[in-house]
Structures are given as C-alpha cells and as structure tokens.
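Here's the letter readout for the chains.
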Amino acid sequence: MVQLASGTQFGAHWVRVLALVLGLWTLVGTTQAAALKIGLAAEVTTVDPHFFNTGPNNAFLHHVFDSLVDVDADGRLISGLAESWVAVDATTWEFRLRKGVKFHDGSELSAEDVLFSLARPAQLTNSPGSYTSYTKPIVASQAVDRYTVRLRTATPYGPLPLDLSSIFIVSKKAVEKTGTEQFNAGPAAIGTGPFRLVAFHKGERIELARHEAYWGVRPEWDTVHFRVLASDAPRLSALLAGDVDLIEAVPTADLARLKTNPRVSVTTRTTWRTLFWHLDQFRDRSPYVTDLAGKPLDRNPLKDVRVRRAISKAINRQALVERSLEGRAVAASNINAPGIFGYNSEIAVEAYDPAGAKKLLAEAGYPEGFGLTLHGPNNRYINDAQVVQTVAQLLNRVGIRAKVETLPLSVYFGKARASEYSMALLGWGSLASDFTLRSIVGTPDADRGWGTWNWGRYSNPAVDALVQSALESVSPEQREDFARQAAKLALDDVAVIPSHHQLASWGLRKGLKYDGRVDEFTYAHEVRSVK
Amino acid sequence: MPFFILRRCLQAVNVLVVMSLLVFAGVYAIGSPLDLLVDPQATTEDLARAAAALGLDQPVWVQYGRFLSRALGGDLGDSFIHGSPAIGLILARLPATLELAVVAMLIAVGLGVPLGLWAGLHPDTVGGRTIMAGSIVGFSLPTFWVGLMLIMVFSVQLGWLPAGGRGPTTELFGLPLSVLSVEGWRHLILPATNLALFKLALIIRLTRSGTREALQQDYVRFARAKGLSTGRVVGVHVLKNILIPVVTVVGMEFGSLVAFSVVTESIFAWPGMGKLLLDSITQLDRPVVLAYLLLIVLLYIVINLVVDLVYALLDPRVGRGGSGR
Amino acid sequence: MSAADQAAVMRDHPLRRWIRAYADSRLALAGLGLLVLIVAAAIAAPWLAPQNPYDLMQLDMLDGRLPPGSVSGDGELRYLLGTDAQGRDMLSAILYGLRISVVVGVAATLLALLVGMTLGLVAGYFGGRFDALLMRVVDIQLAFPSILTAMILLALFGQGIDKIIIALVASQWAYYARTTRSVAMVEADKAYIEAARLLGLSTLRIVFRHLLPNCLPPLMVVAALQVAAAIALEATLSFLGLGLPVTEPSLGLLIANGFQYLYSGRYWISLFPGLALLLTLLALNLVADQLRDVLNPRLRKS
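This structure is a prediction, so every number in the text was calculated from the model and none was measured. (Residues numbered from 1 in each chain as written. Chains lettered and ligands numbered in written order. Predicted model: local features only at pLDDT ≥ 70, side-chain atom pairs only at ≥ 80, totals over all residues. Heavy atoms only, no water.)

Residue and element names in this part refer to chain A. Taken in spatial order, the 4 strands line up as β5-β6-β8-β7 in an open sheet, and their pairing is antiparallel. The open sheet has two edge strands with one neighbour each: β5 (82-89) and β7 (138-145). When strand polarity is set aside, the average angle formed by the axes of neighbouring strands in this sheet is 20 degrees. Here helix α3 (residues 111-123) sits on the sheet in contact with β6 (92-97), β7 and β8 (148-153), set at roughly 170 degrees to β7. (Pairing = 2+ DSSP bridges. Helix = DSSP H or I, 4+ residues; strand = E, 2+ residues; numbered from the N terminus. Axes fitted to C-alpha atoms, helices over the stretch in contact; angles between N-to-C directions. Contact = heavy atoms within 4.5 Å.)

Residue and element names in this part refer to chain A. A full pass over the atoms with the stated rule returns 36 salt bridges over all chains. Here R76 makes a salt bridge to E480, at a shortest N to O gap of 3.4 Å. On the criterion of sequence distance, the pair formed by R76 in the loop between β3 (69-71) and β4 (77-79) and E480 in helix α17 (residues 476-492) is long-range, its members being 404 residues apart. Residue classification places R76 among the partly exposed positions, given a relative accessible area of 33%. Taking the shortest distance from any N to any O, the salt bridge between R309 and E350 comes out at 2.6 Å. With R309 in helix α10 (residues 305-314) and E350 in the loop between β16 (329-331) and α12 (354-363), this pair connects stretches of sequence that are 41 residues apart. Each member of the salt-bridge network shares a partner with another, and the members are R210, E212, R218 and D222. (Salt bridge = Lys/Arg side-chain N within 4 Å of Asp/Glu carboxyl O. Buried < 20%, exposed > 50% of the residue type's maximum accessible area, 1.4 Å probe, protein only.)

With that out of the way, let us pick up the interface of chain C and chain B. Contacts between the two partners involve 36 residues from chain C and, on the opposite side, 41 residues from chain B. Summing both sides of the interface, chain C and chain B together bury roughly 3600 Å²; the carbon and sulfur share of this comes to 81%. Here chain C is connected to chain B by 1 salt bridge. One salt bridge in this structure joins R205 of chain B and D289 of chain C, with 2.2 Å as the shortest N-O distance. (Buried area = accessible area lost by both parts, 1.4 Å probe.)

Attention now moves to the interface of chain B and chain A. Across the contact, 30 residues belong to chain B and 38 residues belong to chain A. Across the chain B/chain A interface, buried area totals approximately 2800 Å², and carbon plus sulfur atoms make up 49% of it. Applying the counting rule to chain B against chain A returns 1 salt bridge. R93 of chain B is the partner of E43 of chain A in a salt bridge, and the nearest nitrogen-oxygen pair spans 3.9 Å. Counting the contacts that link chain B with chain A gives 0 residue pairs in polar contact (both at pLDDT 80 or more). Looking at the side of chain B that touches chain A, the elements that each hand over two or more residues are α2 (34-37), α3 (44-54), α5 (86-121) and α11 (273-282) of chain B. Among the elements that line the side of chain B that touches chain A, the one with the most residues is α3 of chain B, at 4 residues. For the side of chain B that touches chain A, the residue count by class is 14 nonpolar, 10 polar and 6 charged. (Polar contact = N/O pair within 3.5 Å; in protein donor to acceptor, adjacent residues only side chain to side chain. Nonpolar A, V, L, I, M, F, W, Y, C, P; charged D, E, K, R; others polar.)

Turning to the UniProt feature "domain: ABC transmembrane type-1" (unreviewed entry) in chain B, a few remarks are in order. Within the UniProt annotation, "domain: ABC transmembrane type-1" (unreviewed entry) is assigned to residues 94-307 of chain B. Helix makes up 80% of residues 94-307 of chain B and strand 3%. Its end C-alpha atoms lie 21 Å apart. (UniProt positions renumbered as here; feature names shortened; annotations may be inferred.)

Attention now goes to the domain arrangement of chain A. All names here are of chain A. Taken domain by domain, chain A consists of domain 1 (39-263 + 510-529) and domain 2 (272-503). On a C-alpha basis, the centres of domain 1 and domain 2 stand 32 Å from each other. Summed over both sides, the interface of domain 1 with domain 2 buries roughly 1600 Å², with 57% coming from carbon and sulfur. On the surface where domain 1 and domain 2 come into contact, there are 2 salt bridges. (Domains from an automatic or database assignment.)

Now for the domain arrangement of chain B. Residues and elements named next belong to chain B. Its domain assignment divides chain B into domain 1 (2-72) and domain 2 (87-319). Just the C-alpha atoms count here: the centres of domain 1 and domain 2 sit 33 Å apart. Each side of the interface is counted separately: domain 1 has 20 residues, and domain 2 has 15 residues. Both sides of the domain 1 and domain 2 interface together cover about 1600 Å² of buried area, and 82% of this is carbon and sulfur. Inspection of the domain 1/domain 2 interface yields 0 salt bridges. Where domain 1 packs against domain 2, one counts 0 residue pairs in polar contact (both at pLDDT 80 or more). The element that contributes the greatest number of residues to the side of domain 1 that touches domain 2 is helix α1 (residues 2-30), accounting for 13 residues. For the side of domain 1 that touches domain 2, the class distribution of residues is 15 nonpolar, 4 polar and 1 charged.

The subject of this paragraph is the UniProt feature "transmembrane region" (unreviewed entry) in chain B. All names here are of chain B. The feature "transmembrane region" (unreviewed entry), as annotated in UniProt, sits at residues 12-31, 100-121, 133-156, 185-204, 242-270 and 290-314 in this numbering. Secondary structure content for residues 133-156 is 92% helix and 0% strand, and the end C-alpha separation is 29 Å. The span residues 242-270 is 93% helical and 0% strand by assignment, and the distance between its end C-alpha atoms comes to 33 Å.

Turning our eyes to something else, we now look at the pairing of strand β18 (residues 401-407) of chain A. Residue and element names in this part refer to chain A. Here strand β17 (residues 371-377) runs beside β18; their pairing, made up of 7 bridges, is parallel. Across the sheet, residue L372 finds its bridge partner in β18, namely A402. Following the backbone out of β17, through helix α13 (residues 384-397) and into the adjacent parallel β18, one traces a crossover that is right-handed. (Right-handed = clockwise from strand over helix to strand, strands pointing away.)

All names here are of chain B. The pLDDT averaged across chain B works out to 79; a share of 90% of its residues lies at or above 70. For chain B, the element scoring lowest by mean pLDDT is α2, at 69; α5 scores highest, at 88. In the predicted complex, the global pTM is 0.79; the interface-specific ipTM is 0.81. (pLDDT = per-residue confidence, 0-100.)

Structure, rendered in structure tokens:
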C-alpha cells in the first residue's frame, strides 16, 4: 500500500510536467485536445453529492468526487481515497487515507474533509433522496491523525465499507458555508475525482475537464461533455451522426441493427438489476386472486409453496429473455446478479416445466387453476409491460387465468409498497445480497428498516436470523457465507420468484472501448481508445 | 379602456386561484412522491424526515395555504426531484417551447393565409377544391402519428433530418435559439411542421370562408364593379375582412399550440416544457405540475387580453364593455 | 288531401331538405359511406377478426413482431398486417381498437352533450346568477387546453375505458353548454316562447318541447365535430401512456407500441393503426363539415 501511495505521488508529479508540456502545445496550437462526448440516458439533477441519491446522479458524481471505498466494474470493493481499512474490533473501523491526494483547487485531502463529508448528509434536511442511510450506522467518528479516521457503530456492522462507497468526499473548506446551489454553479463543486466541473446546464449538458493532479490512473480525455438525451431515438441518432462518441442504454429494438453497423460497436454486460415476482403470502384472501368465474377466492393459493413453485415452473425464462427482452437479459436463479457479494451459484435456474406446474397445482387442490391479476410498471425496466404480458400468457398455459395491469411507476410503487397486489414485478440492484435479502424477504419491520420492499410479506425467522448474522459479520468471508445460506433458504421456499438479470448496453464510436459496469454506470475515465 | 383592462385582470386572478385549488387537490390525490424519492433502504424515521422536509406531513389544506401565501410572492415552490424552484425549471425550458410554437404558427399562417385566399378566390377550380380537401385531411391527421411518420420517412428511410433533439443553439439576447443556424433548423423543421399541420388546416378554412364572405359584401362588389384590380380588392378589402378572425385564431390557438407541444416534444425529444410536464406527472413532481398549469392559464389570459386589445384597434365597433370573446 | 299534396309536403319536410342538401356533395356522401363501414367493422369486430387480441390465451409471444403476410408458428393463422411485440394479430387489434375508438367517441360525446345541453338550457332560459356562474365555469374550462384537463384527470383516475370517457366528458361539456345557452337565449326571447308562456304551458314542456328542438341543429354540428375530437384525444392520451391498459390496446396505444420499432424498419406496428385512425377521423370530419353547411343556413353555400 505504501508503495502504491508513493507510486501515485510520482505519477502526480509526472502528470504536472506532462500538463505543462501539453499546455505549451496547446498554446502553439499543434495538438488537438482529446475530447469525449457522452450521451446520457437519464438526467443528472444536481452536482451536490449529498443532496439526491439516484443512480444517474451517483454515476456522474463519481467523475468529480471520490469515496473512501471504491467499487470495481464487477461490483467488488477496492480502495478509493482510503488505501486500506480494517475492523479494529467488532464495532470500530479504521480507514487509512491515501497521502498526497489533491482537490481540484489544489488543497490536500485530510481526515477533516472526510469527517465533514460523512456528517453532511444528515445536515441536508431538505434532501429529497437522502444519503443518510449510509451514514446512519456511524455513531461516533474521530480523526486519529491527518490520514487516519476511526468510525464506531453501535452494533457489529459488516457492510460499513460498502455503505461508505456511496458517500462522496468533498472539500470542507469549499463547502462549509455554501449550499446545493453553489455546487450546481461551480464554486463548491471541489472534489478529488478524475475530472473537475467546468459547466453544469441542468437537464441539458455537463462539461468536465481532466483533473491533472488526480491520484489514480490518468484518464485519456482532456475534456468530457455529457449530453442528456433521455429519449431513445435522439440518443441513438446522436451516436450515428457522430454528435456523441458513446451512449448508454442502447434502445432494445435497435441492438441487432447496430451490431451490423461498421462505424459503431456495442458493449453489453449483465448488471446488478434483477427482476423477480413478489407473491402475496400474508393474506388469507388475496385481492387479485379469483376463482375461474372471476369471483374472489376464499383462500389464498399463493400461501402454498407448491403453487408458488408451480408458477415458477410455468415461466419459460429462456423464451422470455429471448423474445420479450430480445436478448437483453439472462434468466435468474438468485435475486442478486452473478458475481455480486453473496450470490449463491448452487441455486439453479428453475427449468420450464408446464407439466410439472400443472401437477403441483393439482396437488395443491387447484387442478383447474384459478384467476390472478399480475401487476407491473410500464416505464421502469427493459420492456417491462411486455414481460408482464408474456408471463401472463405463460401462466394461462398451465391453467392460471392470468390478467395484466401495468401502471406508471409513480402510481405503481405507492400501491405495491402498500401491498395492494397479489403478484407484482420488482427489479432490484444491490452490491450485497444480505442487503437485498433484508429489504426483499426480511420480515417487515419499518422501524428497523427490514422488509421495506417485501410486498408479499414473506416471513421466515430462520432467514431473518441468517441475514442478521451476515450483517453483523465484520469478516467478509463469514458474512458472504451467511448471506448465501439465507438466499438458499428463502428461495427454496419460493419467497419470491426470480425472473431475469438485465443487461446494460453501451454504443460506442469505432475506435473506443468500454467494458461496462455491473452498476450500469458510465465512467468517462474507464473509456479507452483502441487502435 | 383602463376599466376594461382592470376588470379582465381581476377575472384573471379569480381564474388563477380557482385553477390552483383544483389542480392542487387533483395532483395531491394522485399519490405520494415519497416512494419514488426516498432511498429503498429507508426506515420509517427516514420517511417521516423526508416528508417533513417536503412539507408533505401537513394536511392538504395547510399545504395549499402555504403554497398560496408563497405563490403571492411569486414563489411556486421547489421541485421535489430537482430541488430548485419549479418556476425556474419551467422558464428554463420556455424558450425551446416558445420557439417551436412560434415557428409552427408562422408556418401555419405563412402557408395557410395564401392557400386559403386562393381557395376563396377560386372556389370551384381544381386547385381550390384540392386545397379544401387537403385541409380536411389536415384536420383529421392524428398529430402524434404524423410525427412518427415524419420520422420514419425523413429520418429513418431518407436519412435527411435528425430524428429528434434540439441540436446546437445560438444565443441571442441571452435566449438560446435554434433558428439562427442551419443545424438548428434541421432539428426544428420536423417538429415545427408536425405541430403546425392542424393549425394550418384551420387557418386555410378560416381564410377561405372570410374571403368568400368578403367577396359578397356590397362594398367589395361595388369596388369590383368600379373596375378596381383584383389585386387591390384582395389587398385592401378582403385582407381587412379576414384579418380579425386570423388574429383571433393565432392568439387563441397559440395557447393550445403550447399545450399540444407536449405531444410533439415527447415524440421529437424536444427539450421544452411540455416534456418537463410529462416527466413531472410520471414522477409526481407536484410543484412543477402545478406551476406549469398555472403558467399556461396565465399565458392564456394574457393572450386573450392582447387579442381583445388588438381587436379593438382593428375594429372600433367591437364593444369594449362586452365580454370580448 | 291528395297524394300529390302529401308528397309535396313531404318534399318540403325539413329532414327531406337536409338529406337532399347533404347529398349535394359527393365527397360528403363518400365520407358517410366510409363512416358507416368503419362503424359496422367496429361493431362486427368479434366476428370479423381472426383472433381475439385481448385474450392472452390466444396470443403466442413466439409469433411476436412478424411482418405482414407471415404465417403463425402453428400454421393456423396468416397475419395479414403483421403482429406486434406480444404476437397480437395487427388486423384483429385494429378492428378491436376501432371498436374502442367508436365506443369512447360516441359515449363521451353523448354524455358531454347531455350534461352541457342541460346546463346550457337552464342557464339560457332562466339566466340570472346560475347563468353567470355557469358561464364563469365554462370560461375557465374553455380557457384550458382539453388535453391538459384530460391528462390531469387520467393521472388521477388511472387507466380504463370508463375513466377516459369521464376525462373526455370533463374536457368537452363546456362547448355544448355554451352553444346551447347562446341559442336558448335567443330563442327564449322570441314570440312563440312568449306565447307558450302565456298559454300557461309548464316550464319543462316549454324547455323540452319548444326550446330544445331549436337548439338541436347547431348542437348536432358541434357533436359531430366533437366525436372526432374525442377519438383523436383518446388516441393521443393512449399514445402518451395515460389511456387504456396494455392488454387492451386502442389505436393510440398500438401506434405508441410501434414507436420503438420504427427505427429498425418494423413499420407495420405503427403504420396500419394510424391509417385506420386517420380514415375514421377523416370520415367523421367530412360528415361534420357537410352537416354544418346543411344545418346552418347562414353558412350555406350560395
């Protein structure tokens, strides 16, 4: 680690020399600055890194700011501004900062900036989407010296490093007396990230320039321009016309056509976003379960694990991902994506088995099936309305008279979280399966933040206990083992029905290379040019 | 005249208050934006905190009261999603929408008046009939479908024009405009044409019937009998007769152009305020929806007032005490 | 009265006159013919359509996005106009979609007519404070673009054919109220109404037997135009995703579903439903146009 630190310092020095040379070149006008233009699929709403916690915001903020702990393209934790961390005891974590890290204004990062940044989310009381859930476990913090920070939690808490990968470190000096507006305007937007902010035009475009004193790998690009192109068609045509060099979220319908275009290339990879079905398992009469004539059924078949298993068997996941999703997903067995912390590879994808499904339904006392309405959003996930319709088609084949209702997300989530549905589709992206399990299948307890998205209110004390053990393990190996056991237990019970993992895609001008990231983020500093 | 204006302004305030009440109640009933805004891991405590931060923990009438008192000071609230003043967000998008609507209106008037005149002067010729048949088709074309077909033909098949977006803009007096560059026009022309079609049909019909009516007036017949050239008859008497209805339509329909740009903007990904409205509705961004609607109502009222004043200038007979519509 | 006299009277019967005047224009007759065909197709959709596009049992996702003329995977069905992403036969979907359009257009118009006419009659005949209040509301309503009213209402109610009808009625009733009121005001001052009052006829009788028939011609013109407007508005709202549920796509939603496939050359999903919608609106507008000329003598061609 020490070697690494001196290495970067050396690198930083080199960079400065290089910058000087480059600067001279530019003055003479003999070289063209390397510029990268990126078409974003969703709006970046703010430059304040502690104001509004959304995926598109975080993806952008990673260009300007760093966190103590970083996440690699596969979702594993790597060192960020902290070169190492260790649990000193069960409730105390120590983070050792990189030395010589420079902010965009030239000042050096110190433990004071870190403490300030960790405390700031809680002070932004008008935040519409707060970052406090990541900082809340910390009950005390202390700067041991300029480069060492100690954080205490009330109870043993293993995921703290992961939580801290979501907290951006800002310059205390630049931010202390300012607000969100000053970030958007520029003066407060002082980070340690690979790029510094040049201009932010909300909803339209963002301009960045390379941070020449960046501590990490030097990005290839002198300037980066983000353009917000939320609609599919213009984003694609901007790429084809050469207005941008790279776009995220290539429209599904155009993937095939794009792959044959010699001027562009497409990168796809599996992401963390996993879709699954919640099933009502707490009511004796479920609101959208009927008999074959459409009258409410006086018992809830979804409480029977055989019926849940039958539904799972009735879903032809292979056909679903190939047809409805046009190859932009892979069939799922877990509720976290492969490679994510706690993914259990021992669980197999449920095979398509309509005969088996019918048999199970008969065993459970529904040889003729029953009526059921499936709910899903229509503007959230890849081809979501089609996925819901296709699953309904498939359920009809085993005798379950399935109907469909899809709604805009704004209405859907509200009703789904109030558990108003019988069978409903949810997509989830997380970097740790114990987190996912706590939210999705943990016994609902709003005060503790358990089961907050457990729409079907599945409840199993054994699963809860395993998840709890995982969260309390400060040893990563131990923690992952507990998480895998919990996932197996819950899915053997068909607590939810995993459907598929979404793929993300990026379209690039020929001559560029981007490997993609499991968190779907588009990082300009990870884009390379190739010969 | 001052009394007339004053009375109209009082009416306007009434309408705005009623509108705000209705819309507030309406948007309030849709649902809570909290589920969309708050972090998935949030606990009850976090939810309560966020609700308090946005003022959502208060009963609806308290929220409305707060809104109204602040609105009087020109503050229509902060967007839940963006965290900045809703009115600012909308005004930032206003130039794009206005530019689109103005260009569409110019297309509609620029083509509609000459075509309508010609059809009115030559009602029984093939040309006149074709123009009229065309205007009926224009009335019947579903705007959004025409938008798709324009994209299919000019962008996908022929590849002549971009499929959407606004392209580069040039600043003029601080306003970003597309009309000042060729590239800007290439982006503007399809959506503007799309938006103009319906109004074009309307103006053709209006101009035609106005022309025909004028030609039957005694003074026009007399002027013609006296041997005045057709050009002069049309230029002086006919044009004067059709000016009032055309001005009315341009005024009245301008508001609806702005409203219908919601559709065109969403097809062509035009970064205007219609698109903002749609996004805000799906995200339940209440303050933005509210501010948008109030702004539209205000725009309507102002336009109506202006139309009435222009009316009065064009035709002294139009009563100033009447309702003026 | 001789047969010839009777024939002469019949010939001069207003209805007769209207029909003759209507038949004046061949274009208008063609429009009427087209309209009858479309309505017939819409009514007969369950018998005409090769498939029930709303029954998920009959759809096969493996047949999704087939071009026009393709044969289904089981070889039983030829998709003349292709299929959508869900494997829905476009021809069937369009026929059923027309059905929705016609139902929505007619139901919304009749309801709006009923509400607007009743209010307008009362306001026009009695005047006074109710009249002033109503006209204020009408002004507000008309000052507001119908698409915005409908959008907000649908965002409130959610999806469904009943909800979209309510939204359409809410955004259109004012046109009828204003038209009826202005005619009723003029008629109420005329001698025959005065005479009826003096004769001691009940108010209800005066309003419905004498006032109403005189209001009908202009209302019919407004209604004919508003059916087209209602159908177009429903399609637009469905296109924006605010109208009908995905499993029962109306024409607007079919077009919207095809939007994302337009760029990859799968034109049929958007093109055909759009043509069907265009023909429907065109037929309605042609009919309405001629009706206006026929029923409104002032504007009649000289």
